[in-house]
Amino acid sequence: MQYQAPLNDIKFVLFDVLEGTKLQDLEKYAEATPDLIAAVLEEAGKLAAEVLQPCNKAGDQEGCSYDPETHEVTTPTGFKEAYRQFTEAGWASLDAPVDFGGQGLPHTLKLIVDEMVCSANLSLGMYPGLTHGSISALYAHGSPELQQTYLGKLVSGEWTGTMCLTEPHCGTDLGLIRTKATPLDDGSYELEGTKIWITGGEHDLVDNIVHLVLAKLPGAPDSTKGISLFVVPKFLPDSGERNPVFCGGLEHKMGIKGSATAVMNFEKARGWLVGEPNDGMRSMFTMMNEARLMVGMQGMGVAEMAYQESLAFAMERLQGRSLSGPKNADGPADPIIVHPDVRRMLMRQKALNEGMRALALFIGTQLDLSVAHPEDDVREAADDIVQLLTPVVKSFLTDEGFNNANVGLQVLGGSGFTTDWPLEQLVRDSRITRIYEGTNGIQAMDLVGRKLALKGGRLIGRLFDLLNGYLTENPAAPHHDPLAAAVKALEEGTGWIATNGMQDPEEAGAAATPYLRLTALTVIAWLWSRMAAEAKRQLDAGEGNTPLLQAKLVSAQFYFDKILPEAGCLLADLRSGKASVMGLEDDQWVA
Ligand SMILES: Cc1cc2nc3c(=O)[nH]c(=O)nc-3n(C[C@H](O)[C@H](O)[C@H](O)COP(=O)(O)OP(=O)(O)OC[C@H]3O[C@@H](n4cnc5c(N)ncnc54)[C@H](O)[C@@H]3O)c2cc1C
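Model, not experiment: these values are computed from the prediction.

The next thing to look at is the overall build of the chain. If you tally the helices and strands in the chain, you get 18 helices and 9 strands. Taken along the three principal axes of its C-alpha coordinates, the chain extends 80 × 65 × 60 Å. Counting all 591 residues of the chain, 53% fall into the buried class.

Structure below.
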């Protein structure tokens, strides 16, 4: 089926529930009127459906191919043309800095366009996706010369960017990297080493590829404190000379086969330092934080596409009769959407998807406030929330993106397992989103081990201020009491980790994943209460899109009845501590 961008839901959440309409009050985003945002979203939806989606299946079936003679990579049929249309229409530069040719539109808009792109073609979306992170890192940390040389072409999409961190012996633990950077007399560096699994490391979509590479300077400390960041182009921009950074092969993967995942050999390739020596992790985090939100949107995009596919199937497929009597009496059977068990799956997809989208839009608006609001304290508060919830968005949206794709496959029964239907590709494609950009386990450790304690607990304090402020100011808010119970569970979980994790870090490590999930479910519950309140207000006032508003009330009910109760289990899980997690001795695993 053709993808349909969920424009009504996006507009309801962004304009009616969140502060999206106020973005234009910020000087930086004065042009971002609701009309402009709505027009951009509509066009993005068309692009996703008409340009990106049509080559998605070819991407999966053909994959990318590698020529060992030339070290060149060819992308699947249709990718080059779709990428050309994507960049020529300006989609690569949506929220990029205006001083380098970008459109400077709100990040919120970029996030939601990411969702659409990833619903339609996750693999293709990876190429501009990684480029966007390179732009941010160079913009924040590159010298004026580097910015002048690279940013214009990266922003326009004429060149693409990569992020080269992983090496054969290290992924999570980047302190172990071995790629070397040796200073040359002219101020540049010579890079030697091998990076693996580099997204878009080599391909034929553009003429030049700009690698951002983590490497170690001579004598650098043997940890993440000894890592520097370099920009290493495939072709040197001044001379056009080929830089000796060659693709050594492609991975054969479970999914996202249209995205080239390359081994990259740096054979004394020339590079230039970005930022300060030994400060590469800080620069890389600019890129990674942004990429983490983008990967969250990949999960969101897949979840939405899976929902659309499974819903359409459930309305057509005739099997069995409704338990309350035939609904399609003239036909041989009823459509499977009449069955409670099928509806339960579809409602799970719908309630989670809309909740996750609200979370993403909330983070988007906070991100925009954090960079564009004139008042320091507002910017600071928004930035605290973004920092705290970035690992939550990355993890929860990708966990549930994958789960919802799986649930969608189940709705299709045997058809879902065949390649005639797109669900199995969605399941395979989305699996990686839980792994790259820092596995979801590492996101949970980031939340618990770093973000909770940051600035004396200020970040999590901000979140509780928002949640408790809402509960106090809105005693009659929809689902007030279960929301209050979830907030209390999150407070108890936070307190438990603060006490026990401080004494024994393994206690925090064992509690991290359930804690992250508890945070996500609670924040989404708050957003569902707000969505239900606004839906009710509009229905009472006779405003708005009645079916959408009525459906919001039912979906909110489903969320509080069927999904949020997991919060209690998560609190029990984390409070039970590390004993059963850490209890086995080495000789007891396979006894
Ligand atoms: C398709 C694809 C595309 C990729 N694209 C890129 C790219 O563009 N650039 C790039 O640099 N890399 C890329 N990667 C690499 C990716 O980011 C890593 O795979 C990921 O960070 C995990 O590293 P790893 O695979 O080495 O796993 P490991 O680090 O070996 O981890 C294995 C397991 O142990 C857990 N673990 C490890 N350390 C800890 C710890 N301290 N505490 C708790 N748990 C821990 C992990 O969560 C994981 O479950 C890509 C990978 C794939 C498959």
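Another point: the site of the ligand. Leu165, Gly171, Thr172, Thr199 and Thr439 are the nearest of the 20 residues found near the ligand. Going through the elements one at a time, strand S3 (159–164), strand S5 (189–199) and helix H12 (440–451) are the ones with two or more residues in the shell around the ligand. For the shell around the ligand, the per-class residue count stands at 10 nonpolar, 9 polar and 1 charged.

It is at 9 Å that the axes of helix H9 (residues 376–411) and helix H13 (residues 458–473) come closest, and there the two elements cross at 105°. With respect to H13, the axis of H9 lies roughly perpendicular. Residues Ala381, Asp384, Ile385, Gln387 and Leu388 of H9 pack against Arg458, Leu459, Ile460, Arg462 and Leu463 of H13.

Let us look at helix H11 (residues 423–431). Residue pairs three or four apart in sequence face the same way in an α-helix, which turns once every 3.6 residues. When you tally the buried positions in H11, you get 7 out of 9 residues, the bulk of the element. All buried positions along H11 are accounted for by Leu423, Glu424, Gln425, Leu426, Val427, Asp429 and Ser430. Structurally, H11 contributes buried residues whose contacts are with helix H3 (56–62), helix H5 (107–141), helix H7 (280–316), H9 and helix H10 (414–417).

The element S5 is extensively covered by neighbouring structure, given that 8 of its 11 residues are classed as buried. Here strand S4 (residues 180–183) runs beside S5; their pairing, made up of 4 bridges, is antiparallel. By the bridge assignment for S5, Thr182 is matched with Glu190. Linking S4 back to S5 in an antiparallel pair, the connection comprises 5 residues, with Gly187 at a positive phi of about 95°. Pairing geometry for S5 and strand S9 (residues 261–274), over 9 bridges, is antiparallel. Paired with Leu191 across the bridge in S9 is Ala269.

Interface size is commonly expressed as the accessible surface area that is lost when the partners come together. We note that the domain assignment places domain 1 (7–152), domain 2 (160–278) and domain 3 (439–580) within the chain. Averaged C-alpha coordinates put domain 1 and domain 2 at centres separated by 23 Å. Taken residue by residue, the interface counts 31 residues in domain 1 and 27 residues in domain 2. Of all the elements in the fold, those that place two or more residues in the side of domain 1 that touches domain 2 are H3, strand S2 (72–74), helix H4 (79–88), H5 and helix H6 (144–156).

Mapped onto the fold, Glu507 is located in helix H15 (residues 505–541). Taking the C-alpha atoms as reference points, Glu507 and Glu534, separated by 27 residues in sequence, lie 40 Å from one another. When sequence neighbours within four positions are dropped, the list of residues in contact with Glu507 reads Asn500, Gly501, Gly577 and Lys578.

The next thing to look at is the environment of Tyr515. Tracing the backbone shows Tyr515 in helix H15. The exposure class of Tyr515 is buried, given the 26 C-beta atoms found within 10 Å. Residues Tyr515 and Arg575 lie 60 residues apart in sequence; the distance between their C-alpha atoms is 9.8 Å. Other than its neighbours up to four places away in sequence, Tyr515 contacts Ala444, Leu447, Val448, Gly493, Ile497 and Leu574.

Backbone geometry at Lys268 places phi at a positive 60°, although glycine is not the residue there. Its place among the elements puts Lys268 in strand S9. The exposure class assigned to Lys268 is partly exposed, which follows from the 14 C-beta atoms found within 10 Å. One non-glycine residue, Asn278, adopts positive backbone phi at about 65°. Mapped onto the fold, Asn278 is located in the loop between S9 and H7.

Here the focus is the nonpolar core. If you look at the biggest cluster of nonpolar residues, it comprises 183 residues, and the most contacted ones within it are Phe230, Leu359, Ala360, Val448, Tyr515 and Ala525. When residues of this core are assigned to their parent elements, the largest contribution, 19 residues, is made by H15.

Before going further, it helps to examine the environment of Ala269. Among the secondary structure elements, Ala269 is positioned in strand S9. You can call Ala269 buried: it has 25 C-beta atoms within 10 Å. On a C-alpha basis, the gap between Ala269 and Arg178 in space is 15 Å, while along the polypeptide they are 91 residues apart. Once residues within four sequence positions are removed from consideration, Ala269 is found in contact with Leu191, Val232, Asn243, Pro244 and Val245.

Running from N to C, helix H1 (residues 7–17) and helix H8 (residues 340–372) point in directions that differ by 45°, and their axes come no closer than 10 Å. Between H1 and H8, the crossing angle belongs to the class labelled oblique. Crossing of H1 over H8 shows right-handed handedness. Contacts between H1 and H8 involve Asp9, Ile10, Val13, Leu14 and Val17 from the first element and Glu354, Arg357, Ala358 and Leu361 from the second. A per-class count over the contact of H1 with H8 returns 6 nonpolar, no polar and 3 charged.

Criteria and cut-off values
- Residues numbered from 1 in each chain as written.
- Predicted model: local features only at pLDDT ≥ 70, side-chain atom pairs only at ≥ 80, totals over all residues.
- Helix = DSSP H or I, 4+ residues; strand = E, 2+ residues; numbered from the N terminus.
- Buried ≥ 20, exposed ≤ 12 C-beta atoms within 10 Å, placed from the backbone.
- Near = placed C-beta within 6 Å.
- Nonpolar A, V, L, I, M, F, W, Y, C, P; charged D, E, K, R; others polar.
- Axes fitted to C-alpha atoms, helices over the stretch in contact; angles between N-to-C directions.
- Parallel < 35°, antiparallel > 145°, perpendicular 65-115°, else oblique.
- Contact = placed C-beta atoms within 7 Å.
- Pairing = 2+ DSSP bridges.
- Domains from an automatic or database assignment.
- Core = buried A, V, L, I, M, F, W, Y, C linked by C-beta atoms within 7 Å.
- Left-handed = near helix turned anticlockwise from the far one by under 90°.

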